[in-house]
Amino acid sequence: MTATRTPGIPVVEDGFLVSTSPATGAEAGRVPISDEKAVEAAVDRARAAGTWWAGLNFDGRRVRLLRWRALLAERIEELAALPHAETGKPPADAIVEAIAAIEHIDWAARNAKRVLGPRRTRTRLLVAEHSGHLEYQPYGVVGVIGPWNYPILTPLGPISGALAAGNAVVLKPSEYTPAVGQWLVDTFAEIVPEQPVLQVVHGLGDVGAALCAAGVGKIAFTGSTATAKKVMATCAQTLTPVVLEAGGKDALIVDADADVDAAAEAAVWGSMTNAGQTCIGIERVYAVAPVYDAFVAAVVEKAGKLRVGEEIGPITMPGQVDVIRRHIDDALARGGRALLGGADAVQPPHVSPTVLVDVPEDSAAIREETFGPTVTITKVADAEEAISLANALPYGLGGAVFGKANGVRIARRLHTGMVAVNSTLSFVGMATLPFGGVGDSGFGRIHGEDGLREFARSKAITRQRFPSVVEVTRFDRHPAAVKRLTMILSTVYGRPPRRR
Ligand code: NDP
């Protein structure tokens, strides 16, 4: 039976999930749906595969992950065609996305041994007879649940960390982008045919929920804050740990000594790339009064050159168009002005670039995730006011600052997990830095050293090297032993530090 199709909305046909292009309605992917039993079976297979994979040790995994990296680099155009077909994003943007993902695989493969490998820790005087050993052991199976907006990069962040750390992975891609997830898993199997170390389960939200309940060692979720809460609630039933990469409402601050033209260029890229459907997209700008007029003019001029259907692709989820329209309408109804775009900008499946000014801080366009090619620009007296307004929301994912003298100082004071100074979004491509948010944007980290440790448990081992000089941890201890230890303690710790 063939269900009626609306462009962009995935349909279920005869046990298959079918994704379609939001721009043309053409079929983009067709994959079998997994039921709860199939999810459990995949996790069972992954347990055995994880044991085999962990047994390859860091060097064995490194060489296989680097081979996969090479395959992805070699076939990058074939890979990038899939998000273009399923989400409508411009092919060049899909390639840039894939490049960032490949960079993360390379870094994780090369650095896992250094970050997670066994090491001795320094001992302390009071336990000098023991040596300390620290190592990081994999969880076994990590479940990765991904969104549709960056269907290559967002799952490959946690997947690269989890695999490099020695886990098997079961991926549940978004129902909007199943073909991308399937391709990643199929190509990994070309490189690692021995065991199903990376598997995929397809379906709607219930399949993600089944994965959370299937007894995996950890869940890495990327998606909206509302779904993140559901994931955490399901995982709470089995105390399954989670890393949650949720939504955002990132702000850009333009300080008085900023390079205004560069700030405008980066603001347009940060807010409009991927048609604004970017978790770390710039949705709000706070520009200080002395540069406000020049900055606004430059943003309007640059955003006005973007071509809908070329640089600006369609809105992937048809339902999101209503959210974008509501935010624009609300902003205009409350006294905001559209210097570019506006109410007429919404022509499904596209939304043309929209620049809003004078928008009240309590409006939806300022407070809620819009996920469209829109940006608000607000005039502020100084950087202090900008910081306070930027920090006023419960979200705290990323952010950006343009300014010379105080850029980094301002960046430190933003309540977010990441900030780019004199650029936007750049931290996501830097494989050495952790990625993740605070507050409603989630917790836990992917990418970088923290992103490797996220997918391994620390294991602490002590080994007694020689008998204790002062035996106090046995029942037949001599009373003088405790006294002696107390004296040692007072000698070592009893004096306050000298004032500097
Ligand atoms: P959703 O939260 O709707 O979905 C994310 C994933 O969760 C999908 O695979 C979805 O499956 C699955 N899911 C849905 N319900 C459940 C459930 N009850 N239990 C387990 N899994 C479930 O997000 P979107 O896909 O719409 O992605 C957009 C959102 O993702 C935005 O808010 C964006 O900010 C955020 N995001 C965050 C990033 C970050 O790193 N912080 C990066 C990229 C995006 P299905 O699709 O089948 O419903």
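Here is what the cut-offs are and how they apply
Residues numbered from 1 in each chain as written. Predicted model: local features only at pLDDT ≥ 70, side-chain atom pairs only at ≥ 80, totals over all residues. Heavy atoms only, no water. Helix = DSSP H or I, 4+ residues; strand = E, 2+ residues; numbered from the N terminus. Rg over C-alpha atoms; globule rule 2.2 N^0.38 Å. Buried < 20%, exposed > 50% of the residue type's maximum accessible area, 1.4 Å probe, protein only. Contact = heavy atoms within 4.5 Å. Phe/Tyr/Trp six-rings, centres within 6.5 Å; stacked < 30°, edge-to-face > 60°. Lys NZ or Arg CZ within 6 Å of the ring centre and 35° of its normal. Patch = residues over 30% accessible without salt bridge, like charges linked within 9 Å, V, L, I, M, F, W, Y side chains within 5 Å. Areas by Shrake-Rupley, 256 points an atom, 1.4 Å probe, with all protein chains shown as cover. Salt bridge = Lys/Arg side-chain N within 4 Å of Asp/Glu carboxyl O. Lys, Arg positive; Asp, Glu negative; His and termini not counted. Charge placed at Lys NZ, Arg CZ, Asp CG, Glu CD. Axes fitted to C-alpha atoms, helices over the stretch in contact; angles between N-to-C directions. Parallel < 35°, antiparallel > 145°, perpendicular 65-115°, else oblique. Nonpolar A, V, L, I, M, F, W, Y, C, P; charged D, E, K, R; others polar. Pairing = 2+ DSSP bridges. Near = heavy atom within 4 Å. Polar contact = N/O pair within 3.5 Å; in protein donor to acceptor, adjacent residues only side chain to side chain. 1 Å grid on protein atoms, 1.4 Å probe; cavity = no way out; pocket = protein on both sides within 12 Å on 5 of 7 lines; lining within 4 Å. Points joined across faces, edges and corners; volume = space filled by probe spheres on them. Core = buried A, V, L, I, M, F, W, Y, C linked by side-chain atoms within 4.5 Å.

S.K.: Would you take a moment to explain the overall build of the protein for this structure?
M.R.: A count of helices and strands for the protein gives 16 helices and 23 strands. A globule of 500 residues ought to have a C-alpha radius of gyration of about 23 Å, and the protein, at 26 Å, matches this closely. Viewed in the frame of its principal axes, the protein has a C-alpha envelope of about 85 × 65 × 40 Å. Counting all 500 residues of the protein, 54% fall into the buried class. Sequence-distant contacts in the protein: of pairs separated by 6 or more residues, those separated by 24 or more amount to 71%.

S.K.: Whenever I open this one, the packing of aromatic side chains confuses me. Can you help?
M.R.: For any pair of aromatic rings, the description consists of the separation of the ring centres together with the inter-plane angle of the planes. Going through the model one piece at a time under the given rule, you end up with 6 aromatic pairs. Ring plane angle 85° and centroid distance 4.9 Å describe the contact between Trp-68 and Phe-188, whose orientation is recorded as edge-to-face. With Trp-68 in helix 2 (residues 57–74) and Phe-188 in helix 6 (residues 178–191), this residue pair connects regions lying 120 residues apart in the sequence. Comparing Trp-68 with Phe-188 shows no difference in burial state: the two are buried. Taken together, the ring pairs in this structure connect Trp-52, Trp-53, Trp-68 and Phe-188 into an aromatic cluster. Over the ring of Phe-58 we find Arg-61, and its NZ or CZ is 4.8 Å from the ring centre.

S.K.: Whenever I open this one, a negative patch on the surface confuses me. Can you help?
M.R.: Taken together, the side chains of Asp-35, Glu-36, Glu-40 and Asp-206 define an acidic patch exposed on the protein surface. Checked against the element boundaries, Glu-36 lands in helix 1 (residues 36–55). Among the residues examined, Glu-36 registers a relative accessible area of 55% and is labelled exposed.

S.K.: Sorry, what's going on with the packing of helix 2 against helix 5 (residues 153–164) here?
M.R.: Any two packed helices are characterised by how steeply their axes cross, that is the angle between the axes, and by the distance between the axes. Following both chains from N to C, one finds helix 2 and helix 5 inclined at 150°, their axes separated by 10 Å at the closest point. Of the possible angle classes, the one that applies to helix 2 and helix 5 is roughly antiparallel. Across the interface between the two elements, Phe-58, Arg-61, Leu-65, Trp-68 and Leu-72 from helix 2 touch Leu-156, Ile-159, Leu-163 and Ala-164 from helix 5. Classifying every residue of the contact of helix 2 with helix 5 by side-chain character gives 8 nonpolar, no polar and 1 charged.

S.K.: Quick question: what am I supposed to make of the sheet that holds strand 4 (residues 119–121) here?
M.R.: Whenever strands of a sheet pair, they do so through backbone hydrogen bonds, lying parallel or antiparallel. With antiparallel pairing, the 3 strands of this open sheet are ordered in space as 4-5-23. Of all the strands in the sheet, the pair left with one neighbour each is strand 4 and strand 23 (456–464). Strand-to-strand twist in this sheet, taken as the mean axis angle between neighbours without regard to direction, amounts to 35°. Both strand 4 and strand 5 (residues 130–138) contribute to a ladder of 3 bridges, which runs antiparallel.

S.K.: Would you explain the site of the ligand in this entry?
M.R.: With respect to spatial proximity, 31 residues lie near the ligand, and among them Glu-175, Ser-224, Ala-246, Cys-279 and Glu-369 are the closest. At a separation of 3.0 Å, an oxygen atom of the ligand approaches a polar side-chain atom of Lys-172. Contacts to the ligand include Ser-224, whose side-chain N or O atom sits 2.7 Å from an oxygen atom. Look at the ligand: alone it shows 910 Å² of surface, and the protein chains cover 90% of it.

S.K.: Looking at this model, I keep getting lost on the layout of surface pockets. Mind explaining?
M.R.: Empty pockets left among the atoms are what a rolling probe the size of a water molecule brings to light. Within this model, the largest pocket holds a volume of roughly 730 Å³. Around the largest pocket sit 32 residues that line it, and Phe-221, Thr-222, Gly-223, Ser-224 and Thr-227 are the ones nearest its centre. Where the lining of the largest pocket is concerned, the elements lending two or more residues are helix 7 (205–212), strand 9 (218–222) and helix 8 (225–236). Its residues assigned to classes, the lining of the largest pocket shows 15 nonpolar, 12 polar and 5 charged. By volume, the second largest pocket is sized at about 410 Å³. If you trace the second largest pocket, you find 21 residues lining it, with Tyr-150, Leu-153, Ile-280, Leu-425 and Val-428 closest to the centre. Mapped by element, the contributors of at least two residues to the lining of the second largest pocket are helix 4 (91–116) and helix 5. The class makeup of the residues in the lining of the second largest pocket is 11 nonpolar, 8 polar and 2 charged.

S.K.: Please explain a nonpolar patch on the surface as it appears in this structure.
M.R.: Judged by side-chain polarity, Leu-125, Leu-126, Leu-489, Val-492 and Tyr-493 come together as a nonpolar surface patch covering roughly 450 Å² of accessible area. Relative to the helices and strands, Leu-126 is located in the loop between strand 4 and strand 5. The class of Leu-126 is partly exposed, set by a relative accessible area of 33%.

S.K.: Whenever I open this one, the pattern of salt bridges confuses me. Can you help?
M.R.: Where charged atoms from two side chains of opposite charge approach closely, those side chains can pair. One pass over the structure, following the stated rule, counts 26 salt bridges. When salt bridges that share partners are traced, they join Arg-114, Glu-449, Asp-450 and Arg-453 into one network.

S.K.: I would appreciate a short explanation of the environment of Ala-364 in the present structure.
M.R.: Within the fold, Ala-364 resides in helix 12 (residues 364–367). The exposure class assigned to Ala-364 is buried, which follows from its relative accessible area of 10%. Once the C-alpha coordinates of Ala-364 and Leu-184 are considered, the two residues, 180 residues apart in sequence, prove to be 37 Å apart. Apart from residues no more than four positions distant in its own chain, Ala-364 is found in contact with Lys-249, Arg-326, His-327 and Asp-330.

S.K.: Can you walk me through the environment of Val-216 in this structure?
M.R.: If you trace the backbone, Val-216 turns up in the loop between helix 7 and strand 9. Beyond its immediate stretch of four places on either side in the chain, Val-216 contacts Val-43, Val-141, Gly-143, Leu-211 and Thr-240.

S.K.: Help me out: how do you make sense of the nonpolar core in this one?
M.R.: The tendency in soluble globular proteins is for nonpolar side chains to be buried side by side. Grouped together as the largest cluster of nonpolar side chains are 65 residues, with contacts concentrated most on Trp-68, Leu-72, Leu-156, Ile-159, Leu-163, Phe-188 and Ile-280. Leaving out residues up to four positions away in the same chain, Phe-188 has contacts with Trp-53, Leu-65, Trp-68, Leu-163, Val-197 and Leu-198. Formed by 55 residues, the second largest nonpolar core is a distinct cluster that contains Ile-282, Ala-287, Ile-315 and Ala-411.

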